[in-house]
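Remarks on the overall topology
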Amino acid sequence: MTDGHPPEDKTHFHGVWVFLEHRKQGLRDVSAQLIGEGRRLADLRGTTLTGVLPGHGVDDLARHAIGYGLDRVIVVDDPILETYASRPYAQVMAQLIRRHKPEIVLYGASKNGRDLGGRLHAILETGLAADCVKFDVDAEGNLDMIRPSFGGKSLAHILCKKHRPQMASVRRNVFVAPPHDPTRPGEVVREAVTLTPADVDAALLEFEEFTKEGGLQPEQADIVVSGGYGMRDPKNFAMLQDLADLLGGAVAASRKAVDSGWVPKMIQVGQTGMTVRPKLYIAVGISGAVQHLAGMQESDKIVVINLDPKAPLFEIADYGIVGDLFEVVPEMIRQLRALRATGASVPTAVPATAR
Amino acid sequence: MTDGGTAGRPRRIVVCIKQVPRAQELQVDPVTQTLKRVGVPSEINPPDANALEMALQLKDRLGTEIVVLSMGPTSFDESLERAVAMGADRSVLLTDRILGGSDTVPTAYALSETIQKIGGYDLLLCGEETTDASTGHVGPGIAGHLDLPQITYVSEIRIVDGKVRARRTAEDGTEWWGTTMPCLCTVNFGCNRPREPTLTGKIRVKRGGLVTHWSCADVGIDPKKVGLFNSPTIVAKVDTVRLPSRSGQIFSGEPGASVRKLLASLVADRVIAA
Amino acid sequence: MEQFDVIVVGAGPAGSAAALTLARRGFSTLLVERGRSPGAKGMFGGRIYAWPFAELLPEWAKDCPIERRVVRENLAFLTDDASLGISFDAPKMAQGRGASFTALRAKFDAWFAKKAQDAGAVLVTGIRVDDLWREDGRVRGVFVAPNDRVVSDLVVIAEGATSTLVRKAGLKADLEPREVSVGVKETVELPAETIQERFGLSETEGAAYVFAGSASLGLRGGGFLYTNRASVSLGLVVSSEDLSRKKVEIQEIQTKFRMHPAVQRLIRGGKVVEYSAHLVPELGAGMMPRLSGDGVLVVGDAAGFLINNGYTFRGVDLAIASGVAAGEAAEAARAAGGMTAANLKAYERFLHRRNVLTDLERFRRAPLYLKKDRLFNVYPRMLMEIAERMYTVDGSGKERLFDVVLDEAASAGVPKLKMLLDLLQGARSM
Ligand SMILES: Cc1cc2nc3c(=O)[nH]c(=O)nc-3n(C[C@H](O)[C@H](O)[C@H](O)COP(=O)(O)OP(=O)(O)OC[C@H]3O[C@@H](n4cnc5c(N)ncnc54)[C@H](O)[C@@H]3O)c2cc1C
Ligand SMILES: Cc1cc2nc3c(=O)[nH]c(=O)nc-3n(C[C@H](O)[C@H](O)[C@H](O)COP(=O)(O)OP(=O)(O)OC[C@H]3O[C@@H](n4cnc5c(N)ncnc54)[C@H](O)[C@@H]3O)c2cc1C
Ligand SMILES: Nc1ncnc2c1ncn2[C@@H]1O[C@H](COP(=O)(O)O)[C@@H](O)[C@H]1O
């Protein structure tokens, strides 16, 4: 339930907090990345950096997290908190925030991070900026929360001047996780929060993990060959895999290709998928919706293959071929194979050192 | 898809929809470097259309009343009428000058109050996020205000023994959640194909009376908790993103020649080795 | 389930006229249009004879989106590079019952449908009616999708030339190529001042042109041009049978037509901003379906109500008049006890009262007459040669006109008697 109180005096709020998200006893990579940025902000504000870890039997995880740069971790241990659930987690966070009054709270812009933040900001009646990619501190000491708007066509600076804490969720892979130092000193504090079984209002009944295909993942690859709704059929993705193999790259996809059930969710590029920054991004049968651009527009070189010369993706292409992908892609494969057969070396990505 | 029979079905579903400019047609004005919004046609926020379709499918299977709710200017009537023409039973627009400039905190609060005034709901559906604000915070915010169970990023809902089973898509897998009604779910974009309005639906719209307008006073919304000045966040400024300039060479014509030119360019740029 | 007394399918001129008439007579009326708005799918510009408004909407001129009132009629015969024209100035024609005006269909149809709405008809756009709904062997409404049908006592089919419901209602078999022509129309933008200057018109005045001869590359058909306020509508209607026989595309003919010097003079500097193609029912009374059945009436182009007699092209006015007649017939049928085929037969009486059927009958032979190749091919060329010889003074000696004519006829291979017959037949049918 909401407080309905007028905003409290903001000078009572101190410290930077990072919500630590975990799955199966592991820290989510976005949480490690957050610790790095949180550290920078805490130092800027001359304050401490705290990780908050609700869970069950997570002390080791807490100590591990400190290694990324935390001053302390608040652990709330309860069997109810074993896996993430909206209401219990929101209860825990709300109580802790009211108790300790942090100035800044950061979440990963993951599904759970947004699920939690969205519920919490309404309960605490404070500001929450979604999906931030950059932070600053303004002259008055407010957190300048910078996030893309309209799929990255512009960047909005969000301020939360009167209310505390200032909360933001942070997009994955925007910040680099700091090196881990297992010897870093830090405190693990156990806090009690009253939770009753009545707080559990929803139950996770089943979990079916996405199968991670072996081989090169798009996020690690120098070359990404990405297929969209124009691929028409899941079996046509084999052709993209051939092309990717020839180039030493990985296959990715647009959300519409994923939503059509053609390829696993794990390889979705875009605002609600992954962000990739390969040396070469080849988009095949993808129109170029803003949500897709959000995940690939920072690629070094972009190649677009599309039947429709007016497809928006051509606007950000380095090279484009207007044509039928079912002719163009096999032709690319053929010519690359020919090159490989005749040429001395294999056409793959030029090693970064050679550039 | 199977439900456990119509017993214990939701009596009333409230679907929250927002009208947004068609994302594809938004362009940055090259002179002012701001987004050109005027003259851009509007649509129902695409994930909200999926939420509505999900409600309509529940109605088809189990029978239930669907009330569509939106907060915004009266131009949103266009989308609310479309929702009724698609098969919603009626719609409510919370519209009031003082709501202007609300961020997600007042929006979630005002929608919650309006949902309570509508009353009798068993299921609340939102979209996963809007294409213009893209926060995804309003849905969970409503659940927080109303202290209801929430399941986000849902692609499928079944009703079994008066309980909700929802399939949620997380980053690393698919989850099935179970909860009781009333509850709130936010619906994944693209999880279904929203239907077209029907002739019968359009006639119902024409006959009138199915889109209700409420002001804050009608609902009993505290004016001190809504609007620009009562929103915790402000947009201090907006920078235009200047993307790296791209060479923009487009080849067309015979595929063999296009591919040859492309590969030659990539080799010349040392993106691939020859 | 939604229910109306009458459902009108198609918000073209015929449908809106029917809906307006019906609503005024106290029928709950649904008007369904598949376009996003009335006229959105229709042909762009054209000329409309205003007489049906005198009775239906006496105040029509107040807000009707008139482009220009036609004050000059032109008839031009074209050969490949020359033209011979007759021009008829009639400022009086712009007034009174015989008035005609040019209009853009998007605006005109929207205006007219609004009149029907104002009278109480319910207009629904963006829905295509797929079939009729039948119960007990009679039409009982319309069908869009299995869970989407609306019932009524009467359905008025106002779908235009490509109506499928007429066939589905069993009132008519499929269209045959010989029954239709293909019409194309381009809208050429020109500044209003240019139009006024070029055509010698005032701000409100307009001109109409009919072109014969090589306009249609010698195929049966002809061209037209109407001046709108700041554009001209330029188009062609050509027999679809000839098109397929000669294997030419109508676009090709239109391009040649547009490039003809006589046409170029009129549209010079203009920009083609819209192009559309549409079918035209060409056999008039010869292709009429049964006009009524149990619970169903057919109006406008769907009923083949079109007169193309070579110098006037009438579709919209007949469509409107037939819509009105349908409304009156429904009223008469209601008074007689129901929308049965027998009661709805009254429709024909009301059509006759407005001279719709009478005119169609009268011009029944016009299409056949117009089908004569000689008219499109031989005579225009002959006329041109005559004109050339009449007007050429080169010192080689002047012939008498009659000799010129006979001489030309002979060299064009038309026997004197044939020519005489053609002339007589033409005079009778037109
Ligand atoms: C909240 C939200 C979040 C979203 N998140 C994401 C996201 O993370 N990632 C994402 O990708 N999308 C996302 N979307 C969806 C996005 O808006 C678009 O719908 C989607 O990106 C379109 O995918 P597409 O380009 O593959 O399909 P389409 O837009 O249908 O484009 C298919 C293209 O293929 C071309 N084509 C067809 N046939 C051929 C052929 N034979 N040869 C060559 N070209 C051909 C067509 O011309 C067309 O341009 C999101 C949307 C919303 C509302
Ligand atoms: C090139 C050309 C030039 C012409 N020039 C002239 C001229 O200058 N003067 C003149 O008087 N006449 C002219 N005509 C003829 C005139 O256009 C028609 O006679 C007139 O439009 C007939 O009116 P209507 O209402 O019967 O049909 P239409 O105007 O064709 O209207 C039918 C309407 O029904 C809708 N519809 C069709 N099927 C369905 C369905 N299943 N469900 C819902 N809606 C449906 C259509 O979208 C359309 O709006 C011309 C025709 C052509 C092709
Ligand atoms: N003004 C509004 N009126 C009704 N529903 C809204 C409004 N704004 C947001 N929503 C709902 O909340 C969801 C998330 O919105 P957002 O937090 O803006 O991304 C949307 O998909 C809608 O279902």
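Structure report, in brief. The model shown is predicted, which means the values in this text are computed figures rather than measured ones.

1. Some details on the overall build of chain A
In terms of helices and strands, chain A carries 8 helices and 18 strands. Principal-axis analysis of the C-alpha atoms places the extent of chain A at approximately 70 × 45 × 40 Å. Within chain A, counting contacts between residues at least 6 apart in sequence, those at least 24 apart form 63% of the total. Surface accessibility of chain A: about 13,900 Å² in total, with carbon and sulfur atoms responsible for 52%. If the 40 positive side-chain charges of chain A are averaged to one point and the 44 negative ones to another, these points end up 3 Å apart.

2. A look at empty space enclosed by the protein
Within the structure shown, the criterion is met by 5 cavities of 30 Å³ or more. Here the largest cavity defines a volume of roughly 90 Å³. Contributing to the lining of the largest cavity are 13 residues, with Tyr84(A), Ala85(A), Ser86(A), Gln150(B) and Trp177(B) lying nearest its centre. Residue assignment for the lining of the largest cavity shows that the elements contributing at least two residues are α3 (86-100) of chain A together with β9 (150-160) of chain B. Taken together, the residues of the lining of the largest cavity break down into 6 nonpolar, 3 polar and 4 charged. The calculated volume of the second largest cavity comes to roughly 70 Å³. In this structure, the second largest cavity is lined by 11 residues; those nearest its centre are Asp131(A), Pro148(A), Arg171(A), Gln271(A) and Ser134(B). In terms of residue class, the lining of the second largest cavity is built from 3 nonpolar, 4 polar and 4 charged.

3. Notes on the sheet that holds strand β15 (residues 250-253) of chain A
Taking strand neighbours across the sheet as the criterion, the 6 strands line up as β15(A)-β14(A)-β16(A)-β17(A)-β18(A)-β15(B) in an open arrangement whose pairing is parallel. At either margin of the open sheet sits one strand with a lone partner, and together these are β15 of chain A together with β15 (249-252) of chain B. Here the strands of the sheet are splayed against their neighbours by 20° on average, with no regard to which way each runs. Bridge count between strand β16 (residues 280-284) of chain A and strand β17 (residues 301-306) of chain A: 5 bridges; the pairing is parallel. Paired with Ile282(A) across the bridge in β17(A) is Val303(A).

4. Some remarks on the sheet that holds strand β11 (residues 173-180) of chain B
Spatial strand order, β13(A)-β11(B)-β10(B)-β9(B)-β12(B)-β8(B)-β1(B)-β6(B)-β7(B)-β13(B): 10 strands in an open sheet with mixed pairing. Strand pairing shows two members of the sheet lacking a second neighbour, β13 (202-209) of chain A together with β13 (211-214) of chain B, which therefore form its edges. Geometrically, the sheet is characterised by an average inter-axis angle of 30° between neighbouring strands, direction not taken into account. Where strand β7 (residues 90-94) of chain B lies against β13(B), 4 bridges are found, and the strand directions are parallel.

5. A word on a negative patch on the surface
Together, Asp80(C), Asp81(C), Glu385(C) and Glu388(C) give the surface a local cluster of negative charge. As for its position among the elements, Glu388(C) is in helix α15 (residues 378-391).

6. Some thoughts on the packing of α3(A) against helix α4 (residues 111-124) of chain A
Residues and elements named next belong to chain A. Interhelical geometry of α3 versus α4 gives an angle of 50° and a closest axis separation of 9 Å. Taken together, α3 and α4 sit at an angle that is classed as oblique. Remark: the crossing between α3 and α4 carries right-handed chirality. On α4, the residues that touch Ser-86, Arg-87, Tyr-89, Ala-90, Met-93, Ala-94, Ile-97 and Arg-98 of α3 are Asp-115, Leu-116, Arg-119, Leu-120, Ile-123 and Leu-124. Class assignment of the residues belonging to the contact of α3 with α4 gives a composition of 9 nonpolar, 1 polar and 4 charged.

Rules behind the numbers
Note that residues are indexed from 1 along each chain, following the sequence as it is written. Written order determines the labels here, with chains lettered from A and ligands numbered from 1. Whole-chain, interface and lining totals are the exception, using all residues; otherwise, since this is a predicted model, local features are given only for residues with pLDDT of at least 70 and side-chain atom pairs are given and counted only at 80 or more. Here the side-chain values reflect all heavy atoms present in the structure, with hydrogen atoms and water set aside. Secondary structure elements are taken from DSSP: a helix is a run of H or I of four residues or more, a strand is a run of E of two residues or more, and numbering for both begins at the N terminus. By definition in these notes, contact holds between two residues if any of their heavy atoms fall within 4.5 Å. All accessible areas in this document rest on Shrake-Rupley with a 1.4 Å probe, and a residue is counted as covered only by the protein chains that are shown. Residues counted as positive are Lys and Arg, residues counted as negative are Asp and Glu, and His and the chain ends are not counted. Here the site of a charge means atom NZ of a Lys, CZ of an Arg, CG of an Asp or CD of a Glu. Using a grid of 1 Å spacing that covers the protein atoms alone, one calls a set of points a cavity when a 1.4 Å probe fits there but cannot get out, and a pocket when the set is open and has protein on both sides within 12 Å along at least five of seven lines; lining residues are those with an atom within 4 Å of a point. Grid points are joined across faces, edges and corners, and a volume is the space filled by probe spheres set on the points. As a working rule, the residues Ala, Val, Leu, Ile, Met, Phe, Trp, Tyr, Cys and Pro are called nonpolar, Asp, Glu, Lys and Arg charged, and the rest polar, with Gly in that last group. The criterion for strand pairing is that DSSP finds at least two bridges linking the strands in question. Every angle, taken between N-to-C directions, lies between 0 and 180 degrees, and every axis is a line fitted to C-alpha atoms, over only the stretch in contact when it is a helix. Only residues whose relative accessible area exceeds 30% and that form no salt bridge enter a patch; like-charged residues are grouped when within 9 Å of one another, and nonpolar side chains (Val, Leu, Ile, Met, Phe, Trp, Tyr) when within 5 Å. Salt bridge, as used here, is a side-chain nitrogen of Lys or Arg placed within 4 Å of a carboxyl oxygen of Asp or Glu. Should an angle fall under 35 degrees it is taken as roughly parallel, and over 145 as roughly antiparallel, whereas 65 to 115 is taken as roughly perpendicular and any remaining angle as oblique. Working rule for handedness: look at the near helix, and if it is turned counterclockwise from the far one by less than a right angle, call the crossing left-handed; if clockwise, right-handed.

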